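# Coordinate inspection notes
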Amino acid sequence: MGSPSLSDYIAGRLAEPLRAFYIRRWSTERGAFQIVFSYLSQDSPLSRRLLEQISSVVESRLRPKVMVIDMPPLSSETPVAGLVDFLVPVVTPDITAIETTRRYLDIVGGSRLRPVLNMYIPGYHVSVMHSMPWEKVVEDAFGEQPHVIPYDKLIQAARQALEVEVLKLRPAESPAVKAIIDYAKYLAARLG
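Notes on the structure in this doc start here. (Residues numbered from 1 in each chain as written. Predicted model: local features only at pLDDT ≥ 70, side-chain atom pairs only at ≥ 80, totals over all residues. Heavy atoms only, no water.)

### Considerations on the sheet that holds strand β4 (residues 90-91)
Taking strand neighbours across the sheet as the criterion, the three strands line up as β4-β6-β9 in an open arrangement whose pairing is parallel. In this open sheet, the two strands that pair with only one neighbour each are β4 and β9 (147-150). The pairing of β4 with strand β6 (residues 116-120) spans two bridges and is classified as parallel. Directly across from Val91, in β6, lies its bridge partner Leu117. Running over the sheet, helix α4 (residues 134-142) touches β4, β6 and β9 and is turned about 155° from β6. Contacts from helix α6 (residues 175-191) reach β6 and β9 within the one sheet, and its direction differs from that of β9 by about 155°. (Pairing = 2+ DSSP bridges. Helix = DSSP H or I, 4+ residues; strand = E, 2+ residues; numbered from the N terminus. Contact = heavy atoms within 4.5 Å. Axes fitted to C-alpha atoms, helices over the stretch in contact; angles between N-to-C directions.)

Here it is, written out as structure tokens:
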């Protein structure tokens, strides 16, 4: 069974969505911070009504500075369409991922931020199909040069334990963590 997730709330096994949320606290040289997060433990039919309800509870009871919804591109019936203020297109060096995400952004709405090219392997920097570097393929698809997060075996190992465990890695240990922190700085500057 494991810990409750939003899948349990969607299936009606939890009466309160916040019972599927977890808090992680960290102390850094710049002070402490916390992240409140949840996840879907299985594919669940997330409707727009349920997403609005969960978002409303989170915003009114937890009062987050930023709420991030991480989801793959879905159909034109996506529940997030019109609900988000900003979009960050995150793609891997894969033609299908880039094209699907590009089409999806037009459906969702919201202001588009700098795209992210995730799990980039410098040794395989050229898209054979396009005969050009992956960074250029992503730039052509989204209209802006991407922020590159390199593939990193250490970050993959940390994710296997639990996704949020990646936050325990130091930038000096992981080039991917350093790239993620650099992108977070960009977001902080952009969103104020």
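Alright, that's what it looks like, and here's the rest.
### Considerations on a nonpolar patch on the surface
On the surface, Ile23, Val36 and Leu62 cluster together into a nonpolar patch covering about 220 Å² of accessible area. Relative to the helices and strands, Ile23 resides in strand β1 (residues 22-28). (Patch = residues over 30% accessible without salt bridge, like charges linked within 9 Å, V, L, I, M, F, W, Y side chains within 5 Å. Areas by Shrake-Rupley, 256 points an atom, 1.4 Å probe, with all protein chains shown as cover. Salt bridge = Lys/Arg side-chain N within 4 Å of Asp/Glu carboxyl O.)

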